[in-house]
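Summary of structural features
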Amino acid sequence: MTSSVDVRGKIGKQNLHEEQLENRAEREEDAWRVALIGTKSSTNSPYYPRLLWGSVITSSSSSSYTPTTSPVYNHDRGAEAPPVSSPPLPVEPIKIQQPVVNEKESLNITTNALEPSPISNESHAFPVIARIQRKYSSLDKLEVGLRRARAAITETKNASQAGDPDYVPTGPMYRNPIAFHRSYLEMEKQFKIFVYEEGEPPVFHNGPCKSIYAMEGNFIYHMETTQFRTSDPEKAHVFFLPISVASIVHFVYERESHDWNPMKQTVRDYVNLLSGKYAFWNRSLGADHFMLACHDWGPELSAAVPNLFKNSIRALCNANTSEGFNPAKDVSFPEIHLPGGTIDGLIGGPSPSQRPILVFFAGGLHGPIRPILLEHWENKDEDVQVHKYLPKGVSYYSMLRKSKYCICPSGYEVASPRMVEALYTGCVPVLIKDHYVAPFSDVLNWKYFSVEIPVKDIPNMKKILTGISQRQYIRLQRRCKQVRRHFEVNLPPKRYDVFHMILHSVWLRRLNIRVHGVDES
């Protein structure tokens, strides 16, 4: 027979064990802080996001998605944490209305689990203990998995690099190669995406695959068959809206009318359909949903639904901070021109010693930057090959392969396929852009494999480039070849290629929030 002392001892150990688990969970949550905080480059370029292990993006019932020290969606923890760095961009407050939790439905009470054995002396009888058991919802289990992923990434801060049969990120091109690698492995281990099946082609579940907007069609196509897709929305970490902005522009927009309302109404109707049919959009007001657009009008059409613009993860080629792109929650991915639908024949170039041209550009007068570039350098210097139109018989790609540096200026919009064209051909990109967040800047540090020149320094471009030593140029070019794998379009996709890098950027944003829903009864 168990004595009252033994019962008390067991109960005390049980309570201590539960308290230790709770404290450990809080320590893990306090230890994990990931935020995509901007860091200003040495030039006049915008704030570029980077991984900082010190804060987390969250939302409360009265504030927008801003970096805070509590990774709980509705701020249900009361402890005040130390201040963190300010976000890269101001974010307008939004009001999040949290669902009401019925405590009676979410708690199960048992009275016999810790009931003591009877004892002879009634005056020493131990009272019956009620143990409260919480019934965890599918969402709770997802959040536990994400918490474990955050803890695993945090633990790699001072750890050695893990092995990988395909690729191990190393070098200064990565802001934190060990953390990125661990994060990527965690993504492969558990990330699940639900793709809404509503919507008919050609506007939905469809997109171009042979133009400068080819990434829209490629991504939508690969999302249909990827291992990350789940048919059970209860198991999904994020929800994909299979909208092609390029297709909306092509099939809905009437150029003669100049009326954008039908396009915007198409986006509104689609989100309204999903929010009325499923509970997931309303549960987070779109914070765990994402869309992808490479067309220049993607940001404007996303604004047709305020919660899509403010809350959702928007993967955009046109990552312009002056037009509302928020590096803390949005994803910048590259614009890639695929004339034949594949990268066949686009990859590769000669060694640095076989590149006689210092710098090259050819393109039309789009936007405010290119006229300045052509005014100062068109037909002015043999080393600086700047053209509005290439001479007849001269191949654009052959010029890329003959050049050490390739100029990538903004046009009317900040996105351009020239950055990827340069990487494909082994030409070091020269970025001349304002308000632009370069692709995958949460992981990649572009200053270590490209050159950034402010618009005001265009007249000094040759001096700047010739001031880079041959040794440093070779180092830049070698790093370009190393990071090129992250921009390659593969059929089928391969690990660490552009498709998986987009997914990883979405995965990082999902790690930075906690969605708090109603417990299942």
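Residues numbered from 1 in each chain as written. Predicted model: local features only at pLDDT ≥ 70, side-chain atom pairs only at ≥ 80, totals over all residues. Heavy atoms only, no water.

Describing the overall build of the protein chain
What counts is decided by this rule: Per the convention used, a helix needs a DSSP run of H or I reaching at least four residues, while a strand needs a run of E reaching at least two, with both numbered from the N terminus. Residue contacts are counted whenever heavy atoms from the two residues lie within 4.5 Å of one another. Shrake-Rupley sampling with a 1.4 Å probe provides the accessible areas, and residues are treated as covered by the protein chains on show and by no other component.
Across its full length, the protein chain holds 16 helices and 16 strands. Taking as baseline every contact in the protein chain between residues at least 6 positions apart, the subset at least 24 positions apart corresponds to 69%. As presented, the protein chain carries roughly 23600 Å² of accessible surface, and 51% of it is formed by carbon and sulfur atoms.

Quick look at the confidence of the model for the protein chain
In plain terms, the rule: The predictor reports its confidence for every residue as pLDDT, a score running from 0 up to 100.
Averaged over all residues, the pLDDT of the protein chain is 81; the fraction at 70 or higher stands at 73%. The low-confidence segment residues 1-15, where pLDDT is below 50, has 15 contacts with residues more than four positions distant or belonging to other chains. This model gives residues 28-121 a pLDDT under 50, and the stretch forms 233 contacts once residues within four places in sequence are excluded.

Points about the sheet that holds strand β15 (residues 428-432)
Note the threshold: The criterion for strand pairing is that DSSP finds at least two bridges linking the strands in question. Here the axes come from fitting lines to C-alpha atoms, over the contacting stretch only for helices, and the angles between their N-to-C directions go from 0 to 180 degrees.
Strand order in the open sheet made by the five strands is β13-β12-β14-β15-β16, with parallel pairing throughout. The open sheet has two edge strands, β13 (384-387) and β16 (451-452), and neither has a second partner. Of the strands in this sheet, β12 (357-362), β14 (403-409) and β15 touch helix α13 (residues 418-425), which is tilted by about 165° from β14. Contacts between helix α15 (residues 470-483) and the sheet are confined to β14, β15 and β16, with β15 contributing the most and set at about 95° to the helix.

What to know about the packing of helix α3 (residues 138-155) against helix α4 (residues 177-190)
Axis angle and axis distance: for two packed helices, these are the angle between their axes and the distance between the axes, and together they describe the pair. Counted only if it meets this: For classification, angles of less than 35 degrees are called roughly parallel, those exceeding 145 degrees roughly antiparallel, those between 65 and 115 degrees roughly perpendicular, and all remaining angles oblique. What makes a crossing left-handed is the near helix being turned counterclockwise from the far one by less than a right angle; a clockwise turn instead makes it right-handed.
At a minimum axis distance of 9 Å, the contact between α3 and α4 shows a crossing angle of 155°. In this view, α3 runs roughly antiparallel relative to α4, as classed from their interaxial angle. Handedness of the α3/α4 crossing: right-handed. Where α3 abuts α4, its residues Gly145, Leu146, Ala149, Ala152 and Ile153 lie against Ala179, Arg182, Ser183, Glu186 and Gln190.

What about the pattern of salt bridges?
So the rule is basically this: A pairing counts as a salt bridge when a side-chain nitrogen of Lys or Arg comes within 4 Å of a carboxyl oxygen of Asp or Glu. Only protein chains enter the accessibility calculation, which uses a 1.4 Å probe; a residue is then buried when its area is under 20% of its type maximum, exposed when over 50%, and partly exposed in between.
Applying the stated criterion to the full structure yields 18 salt bridges. Residues Arg314 and Asp330 are paired through a salt bridge, measuring 2.9 Å at the closest nitrogen-oxygen approach. Here Asp330 lies in the loop between β10 (313-316) and β11 (331-332) and Arg314 lies in strand β10, a separation of 16 residues in the sequence. A relative accessible area of 1% places Arg314 in the buried class.

A few points about the packing of α4 against helix α16 (residues 498-511)
Where α4 contacts α16, the axes come no closer than 10 Å and their chain directions differ by 90°. Classified by the interaxial angle, the pair formed by α4 and α16 is roughly perpendicular. Between α4 and α16, the residues in contact are Phe180, Ser183, Tyr184, Glu186, Met187 and Gln190 and His500, Met501, Leu503, His504, Trp507, Leu508 and Leu511, respectively.

Quick look at helix α7 (residues 261-277)
Spelled out, the test is: Helix span, expected: 1.5 Å multiplied by one less than the number of residues in the helix. The arc in question is traced by the directions running from the helix axis to the C-beta atoms.
Here α7 contains 17 residues, and its C-alpha end-to-end distance of 24 Å stays within 8% of the 24 Å for a straight helix at 1.5 Å per residue. Regarding α7, the residues found buried are Met263, Lys264, Thr266, Val267, Tyr270, Val271, Leu274 and Ser275. Along the long axis of α7, the arc covered by the buried residues comes to 155°, so they all point the same way. For α7, exposure combined with an orientation more than 90 degrees from the buried face picks out Gly276 and Lys277.

Topic: the state of the cysteines
Short version of the rule: Pairs of cysteine sulfur atoms within 2.5 Å are what we label disulfides.
For the coordinates displayed, the defined rule picks out two disulfides. Through a disulfide, Cys294 is tied to Cys317; the S-S separation comes to 2.0 Å. Note on the Cys294 and Cys317 pair: the S-S dihedral is about -85°, so by sign convention the disulfide is left-handed. Linking Cys294 in the loop between β9 (289-293) and α9 (298-302) with Cys317 in the loop between β10 and β11, this pair joins segments that are 23 residues apart in sequence. An identical accessibility class is assigned to Cys294 and Cys317; each is buried. Two residues, Cys406 and Cys427, share a disulfide whose sulfurs are 2.1 Å apart.

Considerations on the side chain of Lys329
The test is simple: The definition of a polar contact used here is a pair of N or O atoms within 3.5 Å, where within protein one atom must be able to donate a hydrogen and the other to accept one, and adjacent residues in sequence count solely through side-chain atom pairs.
Note that Lys329 resides in the loop between β10 and β11. In terms of polar contacts, Lys329 uses its side chain to reach the backbone carbonyl oxygen of Phe309, at 3.1 Å. Those residues in contact with Lys329, other than ones at most four positions away along the chain, are Leu308, Phe309, Lys310, Asn311, Ser312, Ile313, Arg314 and Arg509.

Remarks on the pairing of β13
Our working rule: We call a crossover right-handed when, viewed with both strands directed away from the observer, the connection leading from the first strand over the helix to the second proceeds clockwise.
Burial along β13 is two-sided: the face carrying Val384 and Val386 and the face carrying Gln385 and His387 are both buried. Alignment of β12 against β13, held across four bridges, turns out to be parallel. Paired with Phe360 across the bridge in β13 is Gln385. Read from β12 through helix α11 (residues 369-377) to β13, the crossover connection turns out right-handed.

Observations regarding the pairing of β12
Summarising burial for β12: six of the six residues are buried, a large majority. Where β12 and β14 come together, three bridges link them in parallel fashion. By the bridge assignment, Val359 is partnered in β14 with Tyr405.

What to know about the environment of Ala214
You can see Ala214 is positioned in helix α5 (residues 214-223). The exposure class of Ala214 is buried, given its relative accessible area of 0%. Sequence-distant contacts of Ala214, that is, excluding residues within four places in its chain, are made with Pro208, Cys209, Ile336 and Leu338.

Regarding α3
Its 18 residues give α3 an end-to-end C-alpha distance of 26 Å, which sits within 8% of 26 Å, the value for a rise of 1.5 Å per residue. Among the residues of α3, Leu139, Asp140, Leu142, Glu143, Gly145, Leu146, Ala149, Arg150, Ala151, Ala152 and Ile153 are the ones counted as buried.

Some words on the sheet that holds β10
The strand order β7-β8-β9-β10-β11 describes an open sheet built from five strands, whose pairing is parallel. Sheet topology places β7 (193-195) and β11 at the edges, where each strand pairs with a single neighbour. Both strand β8 (residues 238-240) and β9 contribute to a ladder of two bridges, which runs parallel. By the bridge assignment for β9, Phe240 is matched with Phe290.

What about the side chain of Arg370?
Operational definition: Working convention for charge: Lys and Arg count positive, Asp and Glu count negative, and His plus the chain ends are omitted.
Secondary-structure assignment places Arg370 in helix α11. The buried charged residue Arg370 lacks any salt bridge partner; its closest oppositely charged side chain belongs to Glu335, at an N-O distance of 7.8 Å. Of the polar contacts made by the side chain of Arg370, one reaches the backbone oxygen of Ser410; its length is 3.4 Å. Setting aside its immediate chain neighbours within four residues, Arg370 contacts Phe361, Gly363, Gly364, Leu365, Pro409, Ser410, Gly411 and Arg418.

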